[in-house]
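Chain by chain, the residues:
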2 protein chains.
Amino acid sequence: MINLKSVRGFHVGGEMVRLSGLAVSRAQAATGGPVRVSDPNGSYQTGQLYAQYFEQAQPRGLYPLMLWHGGGLTGASWEDTPDGRAGWNTFFLCKGYSTVLSDAPERGRSGWPRYPQINPQEPEHRTIEQAWGQFRFGPGGGYMPKETERTYFTNQRFPTQHADQFAKQFVARWTNTADITLKAYLELVGKMGPCVIVAHSQGAYFALQAARHTPNLVKAVVLLEPAGAPDIPTGPLPDVCHHIPHLAIWGDYFDNSVLWREYRERAERYLAALHDRNVLVSHLDLPKTGIRGNSHMLMMDSNSDEIALHVHDWLTEAGCYR
Amino acid sequence: MINLKSVRGFHVGGEMVRLSGLAVSRAQAATGGPVRVSDPNGSYQTGQLYAQYFEQAQPRGLYPLMLWHGGGLTGASWEDTPDGRAGWNTFFLCKGYSTVLSDAPERGRSGWPRYPQINPQEPEHRTIEQAWGQFRFGPGGGYMPKETERTYFTNQRFPTQHADQFAKQFVARWTNTADITLKAYLELVGKMGPCVIVAHSQGAYFALQAARHTPNLVKAVVLLEPAGAPDIPTGPLPDVCHHIPHLAIWGDYFDNSVLWREYRERAERYLAALHDRNVLVSHLDLPKTGIRGNSHMLMMDSNSDEIALHVHDWLTEAGCYR
């Protein structure tokens, strides 16, 4: 049972751009309806971010939990798992946290800009084959259309038999828009006020930046397999940064992925630098605690609720839950 | 207060396509991280539909209310209004209906396909200028970047001073994918079971089709300014279709829009044909009842809750609420 005060969906951030000199065409937008003018010249919003706020009637989490997705995905990655179980949004709502699901700019309900007119770059569309290796379900080349022919890592906890269902969550992404995205996330934090950020993969980069840029609003940071990290701060951090505990969680099969060893090394170097500056940094290396078989998509793996429970316990200890 | 049994987000429908022969590139997806291969050759899901199901703990609506958005928009159009009021999703949740917010294929969290490889056509991105005229906020050409310079229709109820905020909801759309979209909507209806469909603009076309294709599951249809309609049925309808009441709601300023008079004429012809075949068809022509000033975006206008209340009363009378 989830008792909510409200569910609100809204957009923050972004800016206006105006295009001109483009060819006007005609389109039949409604089946069987009239043909109308389609004039692409004019004003567009770009860079905005969509968020959905589930506000508890009687919150037990002291701060809303912001759930920030990874690259090529949307806020939907925190909802049902590919095999149809309830995801982390449900888990934390049932615990009594208010939650915020959001789509980074250019993804999902945030809309994406015309290219090359607004963003000169082409987007990247992820294939299931590419995801299979990058998300460490199995070796590169291990995905096959036929389920029985797929090669996955031993003890794999990701529901690989539902990989095709998972692929329905994929959305195009651009790789040149980190600054635009950070700006929108900071606007979201500014609007929501004091919050906890739970971020996955690419989203973790923005969470680490948000903790640096708005340290008075970010009360704790949980990083699921951070794919990136800001540059290491030179010199001491502002005092308020010392009070933001960080938790990083890592799955299995890093031996099988050069790419992920590189991502992880950079993230761990950054977290070590925070630790050296007296920030409380916790690590949950799942295989080291005897939990083998987690992929990059920890919140969808068969033990997703166990990992969520660990996050909940850590947040409770960090004073973010009553 | 909204007491939910669960909130679930998931994808239905779609199919797999496989691409080959495309150039492989390299991308730095994580800021400061390693450059990795980006190989567009392989398998993609396309045509899937994202839905979010807010299930009441103790529903007073007899069937979930499916809220289907219009062209170039997403499920977000049923959430907060551009001026920050709670939208129809909140209204109906507070009344005790379970609701389903969804994004049509290629929009929002449903993801959009590579073009021209998967869909040969280019998408349409809507400008605010085009929306201004098409949504009957004011005359074509009436939008100006400066709010004080805009021309809108007298008594306009759309929050025109927040038109730029509204534009953050716009997403690219294709005009050649009605069949794909209908297929996915029918899968959604099949998954949800008995339901009521509340549909806006382009979405109303799919609602009318769903009532024809799955008449045993669609218990009532509410059409906000339907922008299209199926071809008129030849011969008698299956008996079960006679038990699906239809309500159509129309705003103001049709005299100012040739395009909308054409859309409306086609929709009303279709509804008249249903009526001739003994389907219960109700019309709410707002200006005729003395309510002037509604735009095409009825659920965002200043009297959005009054119109929602009318829908609620009509659904109650139709036996869809206890």
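Rules used in this analysis
- Residues numbered from 1 in each chain as written.
- Chains lettered and ligands numbered in written order.
- Predicted model: local features only at pLDDT ≥ 70, side-chain atom pairs only at ≥ 80, totals over all residues.
- Heavy atoms only, no water.
- Least-squares fit on C-alpha atoms with pLDDT ≥ 70 in both.
- Contact = heavy atoms within 4.5 Å.
- Helix = DSSP H or I, 4+ residues; strand = E, 2+ residues; numbered from the N terminus.
- Buried < 20%, exposed > 50% of the residue type's maximum accessible area, 1.4 Å probe, protein only.
- Pairing = 2+ DSSP bridges.
- Right-handed = clockwise from strand over helix to strand, strands pointing away.
- Core = buried A, V, L, I, M, F, W, Y, C linked by side-chain atoms within 4.5 Å.
- Buried area = accessible area lost by both parts, 1.4 Å probe.
- Salt bridge = Lys/Arg side-chain N within 4 Å of Asp/Glu carboxyl O.
- Polar contact = N/O pair within 3.5 Å; in protein donor to acceptor, adjacent residues only side chain to side chain.
- Nonpolar A, V, L, I, M, F, W, Y, C, P; charged D, E, K, R; others polar.
- Axes fitted to C-alpha atoms, helices over the stretch in contact; angles between N-to-C directions.
- Parallel < 35°, antiparallel > 145°, perpendicular 65-115°, else oblique.
- Left-handed = near helix turned anticlockwise from the far one by under 90°.

(A) Region of interest: the relation of the copies chain B and chain A. Note on the identical chains: chain B maps onto chain A by a rotation of 180° and an axial translation of 0.0 Å, with an RMSD of 0.0 Å. The superposition of one copy onto the other is thereby described by a two-fold rotation axis. Residue glycine 108 of chain B of chain B places its C-alpha closer to the rotation axis than any other residue of that unit, at 1.9 Å. Counting the interface residues of chain B, we find that 100% of their copies in chain A are interface residues as well, pointing to one common contact surface.

(B) Structural context of the environment of tyrosine 185 of chain A. Residue and element names in this part refer to chain A. Mapping tyrosine 185 onto the fold places it in helix H4 (residues 178-192). A sequence separation of 147 residues divides tyrosine 185 from serine 38, and the C-alpha atoms of the two residues are 32 Å apart. Leave out the neighbours within four places in its chain, and tyrosine 185 touches Leu49, Trp68, His69, Ser102, Ala104 and Phe206.

(C) Local environment of the pairing of strand S10 (residues 281-285) of chain A. Residue and element names in this part refer to chain A. Most of S10 is tucked away: 4 of the 5 residues are buried. Examined bridge by bridge, strand S9 (residues 246-250) and S10 share 5 bridges and lie parallel to one another. In the strand pairing of S10, tryptophan 250 is matched with aspartate 285. Regarding the hand of the β-α-β motif, the stretch spanning S9, helix H6 (residues 258-276) and S10 is right-handed.

(D) Representation of the nonpolar core. Counting residues in each nonpolar core, the largest one holds 90 residues, and the members touching the most others are Trp88, Ile249 and Leu315 of chain A together with Trp88, Ile249 and Leu315 of chain B. Excluding anything up to four places from it in sequence, tryptophan 88 of chain B contacts Trp78, Glu79, Val198, Leu224, Met299, Ser304, Ile307, Ala308 and Val311 of chain B.

(E) The interface of chain B and chain A, seen in detail. Of the residues lining the interface, 91 residues belong to chain B; the matching set on chain A comes to 91 residues. When the two sides are added together, the surface that chain B and chain A hide from each other amounts to roughly 7000 Å², 50% of it contributed by carbon and sulfur. In terms of surface lost to chain A, no three residues of chain B exceed Arg109, Trp112 and Lys168 of chain B, which account for 12% of the buried area on that side. One salt bridge connects arginine 36 of chain B with glutamate 124 of chain A, and the closest N-O pair in it is separated by 2.8 Å. Where chain B meets chain A, there are 42 residue pairs in polar contact (both at pLDDT 80 or more). If you tally residues by element for the side of chain B that touches chain A, the top one is strand S1 (residues 2-19) of chain B, at 14 residues. Here the side of chain B that touches chain A is composed, by residue class, of 39 nonpolar, 33 polar and 19 charged. With 3 bridges joining them, strand S1 (residues 2-19) of chain A and S1 of chain B adopt antiparallel strand pairing. Residue pairing in the sheet places isoleucine 2 of chain A in a bridge with leucine 4 of chain B of S1 of chain B.

(F) Structural view of the packing of helix H1 (residues 88-95) of chain A against helix H7 (residues 304-317) of chain A. Residue and element names in this part refer to chain A. Two numbers describe how H1 lies on H7: the axes approach to 10 Å, and their chain directions differ by 45°. Classed by the angle they form, the pair H1 and H7 counts as oblique. Along this stretch, H1 crosses H7, giving a crossing that reads as right-handed. Along its contact with H1, which presents Trp88, Phe91, Phe92 and Lys95, the element H7 presents Ser304, Asp305, Ile307, Ala308, Leu309, Val311 and His312. Classifying every residue of the contact of H1 with H7 by side-chain character gives 7 nonpolar, 2 polar and 2 charged.

(G) Spotlight on unusual backbone geometry. In this model, tyrosine 115 of chain A is joined to proline 116 of chain A through a cis peptide bond whose omega is 5°. Mapped onto the fold, proline 116 of chain A is located in the loop between strand S6 (99-103) and helix H2 (128-134). Non-glycine residue glutamate 106 of chain B carries a positive phi angle of around 75°. Along the polypeptide, glutamate 106 of chain B turns up in the loop between strand S6 (99-103) and helix H2 (128-134). Despite not being glycine, asparagine 155 of chain B has its phi angle at roughly 70°, a positive value. The exposure class assigned to asparagine 155 of chain B is exposed, which follows from its relative accessible area of 56%.

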